[in-house]
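Observations on the three-dimensional arrangement
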Amino acid sequence: MTDRNTIAAAYDAGVDEEYNRLVSTPLCEAEFMLVSELLSEYISEGSTVIDIGAGPGRYAEFLLSKNCNVGTIDLSALSLASFTKRINGNYGKSLLFSKTSCATELEWVQSESADAVLLMGPLYHLTSEEERTKAIANSYRILKKGGFVFSIFMSPYPKLNPLLEGADSILTNRELINTVQENCTTKVMFQGFEIEQYRCWPLYAREIMEKQDFITERIRNIEGVGSFYNKQNLSEFDNNNSKQALFRMLRNTCENPNLLGITHQYLYVGKKGDNIHL
Ligand SMILES: C[S@@+](CC[C@H](N)C(=O)[O-])C[C@H]1O[C@@H](n2cnc3c(N)ncnc32)[C@H](O)[C@@H]1O
């Protein structure tokens with residue numbers, strides 16, 4: 001069962017770090033680019049969007065600036081407070097609400113009220129399948145027919161490299177072989193708190209979303225082939241030309257089916273079809 005108090009406390013303590021994350025390295029800048037360009041492709045101006053796990057609201061603000069009506073939800077009250085303080089009433093009634101709540105407990109959000117739902121945070125912090133299923137079912141219920149969900153998943157891929165170091169033989173390295181096949185939960189220290197991250201391969205992501213009747217539209221690696229690079233390699237993308245070349249390479253490879261899951265994170269886009277959810 002997920003320790004929501006720890007997640008809320010960690011993100012409350014890390015509001016600035018999380019806000020600055022998407023401009024902190026070329027790969028993080030690429031993340032914002034690869035996600036926001038898909039948002040623009042699927043979400044038209046004037047749409048209603050519910051951002052669940054909005055954090056300090058970079059994507060919510062991006063959508064508000066495109067004349068969308070946006071509701072933000074997060075476990076971290078301070079992340080939402082920093083978002084509303086930053087936008088300072090600028091978007092008037094287009095900010096529908098900003099409310100502290102868990103992705104698994106959204107009975108208060110009206111059914112079939114949104115053209116799009118962002119679920120870009122909760123699914124890799126909810127550690128039980130039951131909780132992930134609830135969050136996905138809530139997103140499905142909130143969406144209008146024909147609406148789109150955008151979910152971020154974390155991949156087990158980054159666990160593989162350290163396991164290869166010092167391994168005598170991949171034939172006897174059971175942990176490596178298991179990691180290649182299985183989903184897992186890893187731990188990371190953030191702001192002095194130990195947080196769990198659920199990691200799954202795209203096949204599972206697709207399966208759990210489709211079980212809730214989503215129709216899979218796209219799966220896109222975020223860091224993708226950029227996750228082969230270490231800090232030293234990445235520091236070489238230090239001018240606009242080399243950064244643009246990196247962005248082009250990531251964009252050209254991010255939906256190659258042979259590479260899906262070879263990444264830290266990936267974005268799933270699903271559609272609520274016209275079928276009835278029994
Ligand atoms: C890494 S941040 C991502 C913020 C933003 N969506 C983005 O993609 O940049 C993850 C956010 O998800 C929130 N979160 C995690 N689990 C959640 C849950 N069960 N319900 C609501 N928010 C959750 C965290 O508090 C945090 O603000």
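See the structure printed just above.
Conventions and cut-offs
Residues numbered from 1 in each chain as written. Predicted model: local features only at pLDDT ≥ 70, side-chain atom pairs only at ≥ 80, totals over all residues. Heavy atoms only, no water. Helix = DSSP H or I, 4+ residues; strand = E, 2+ residues; numbered from the N terminus. Rg over C-alpha atoms; globule rule 2.2 N^0.38 Å. Buried < 20%, exposed > 50% of the residue type's maximum accessible area, 1.4 Å probe, protein only. Contact = heavy atoms within 4.5 Å. Areas by Shrake-Rupley, 256 points an atom, 1.4 Å probe, with all protein chains shown as cover. Lys, Arg positive; Asp, Glu negative; His and termini not counted. Charge placed at Lys NZ, Arg CZ, Asp CG, Glu CD. Salt bridge = Lys/Arg side-chain N within 4 Å of Asp/Glu carboxyl O. Pairing = 2+ DSSP bridges. Near = heavy atom within 4 Å. Polar contact = N/O pair within 3.5 Å; in protein donor to acceptor, adjacent residues only side chain to side chain. 1 Å grid on protein atoms, 1.4 Å probe; cavity = no way out; pocket = protein on both sides within 12 Å on 5 of 7 lines; lining within 4 Å. Sits in = over half its atoms within 2 Å of the grid points. Nonpolar A, V, L, I, M, F, W, Y, C, P; charged D, E, K, R; others polar. Phe/Tyr/Trp six-rings, centres within 6.5 Å; stacked < 30°, edge-to-face > 60°. Lys NZ or Arg CZ within 6 Å of the ring centre and 35° of its normal.

All right, on to the overall build of the protein chain then. Helices and strands together make up the secondary structure of the protein chain, namely 11 helices and 9 strands. For a compact globule of 278 residues, the expected C-alpha radius of gyration is about 19 Å, and the protein chain comes in at 19 Å, within 12% of that figure. The 278 residues of the protein chain split such that 51% are buried. Residue pairs at least 24 apart in sequence account for 75% of intrachain contacts in the protein chain once pairs closer than 6 positions are excluded. Of the roughly 13200 Å² that the protein chain leaves accessible, carbon and sulfur atoms contribute 50%. On the protein chain, the mean spot of the 27 positive side-chain charges and the mean spot of the 35 negative ones are 4 Å from each other.

Moving on to the pattern of salt bridges. Enumeration according to the criterion identifies 16 salt bridges in this entry. Between Glu-37 and Arg-251 there is a salt bridge, with the nearest N and O atoms lying 2.9 Å from each other. With Glu-37 in helix α3 (residues 26-42) and Arg-251 in helix α11 (residues 240-253), the pair connects residues that are 214 residues apart, well separated along the chain. The class of Arg-251 is partly exposed, set by a relative accessible area of 36%. Here Arg-218 and Glu-41 are joined by a salt bridge, their closest N and O atoms 3.0 Å apart. Of this pair, Arg-218 sits in strand β8 (residues 214-221) while Glu-41 is found in helix α3, placing the two residues 177 residues apart along the sequence. Through salt bridges that share partners, Glu-37, Glu-41, Arg-218, Arg-220, Arg-251 and Glu-255 make up one connected network.

Further remarks concern the pairing of strand β6 (residues 184-190). Two strands pair when backbone bridges link them, and β6 and strand β7 (residues 193-199) are joined in this way by 7 bridges, in the antiparallel orientation. Counted as the bridge partner of Cys-184 is Arg-199 from β7. Hairpin connection of β6 to β7: 2 residues between the antiparallel strands, including Gln-191 at a positive phi of 55°.

What follows deals with the environment of Leu-63. Within the fold, Leu-63 resides in helix α4 (residues 58-64). Leu-63 gets classed as buried once you look at its relative accessible area, which sits at 2%. Linking Leu-63 and Met-189, residues 126 residues apart in sequence, is a C-alpha distance of 31 Å. Not counting residues up to four positions away in its chain, the partners in contact with Leu-63 are Leu-39, Ile-43, Val-49, Cys-68, Val-70 and Leu-118.

Around the ligand, the surrounding shell holds 21 residues, and the nearest of these are Gly-53, Asp-74, Ala-103, Met-120 and Tyr-124. Take Asp-74: an N or O atom from its side chain is 2.6 Å from an oxygen atom of the ligand. Burial of the ligand by the protein amounts to 96% of the accessible area it has alone, namely 590 Å². Taking a 2 Å distance to the grid points as the criterion, the majority of the atoms of the ligand fall inside the largest pocket. Of all the elements in the fold, those that place two or more residues in the shell around the ligand are α1 (4-13) and α2 (15-21). For the shell around the ligand, a count of residues per class yields 12 nonpolar, 6 polar and 3 charged.

Looking now at the packing of aromatic side chains. Under the criterion given, the structure shown has 11 aromatic pairs. When the ring of Tyr-42 is compared with that of Phe-150, the centres are 6.1 Å apart and the planes differ by 75°; the resulting orientation is edge-to-face. Pair noted here: Tyr-42 is in helix α3 and Phe-150 is in strand β5 (residues 143-154), with a separation of 108 residues, a long-range link. On the basis of relative accessible area, Tyr-42 is assigned to the buried category, the value being 17%. Between Tyr-157 and Phe-228 the ring centres are 6.4 Å apart and the planes differ by 75°, which places this aromatic pair in the edge-to-face class. Highlighted residues: Tyr-157 in the loop between β5 and α7 (160-164) and Phe-228 in the loop between β8 and α10 (231-235), separated in sequence by 71 residues. Among the aromatic residues, those joined into a ring-pair cluster are Phe-32, Tyr-59 and Phe-62. Directly above the aromatic system of Tyr-19 lies the positively charged group of Arg-58, at a separation of 3.9 Å from the ring centroid. Above the face of the Tyr-198 ring, Arg-132 is positioned so that its terminal group lies 3.5 Å from the ring centre.

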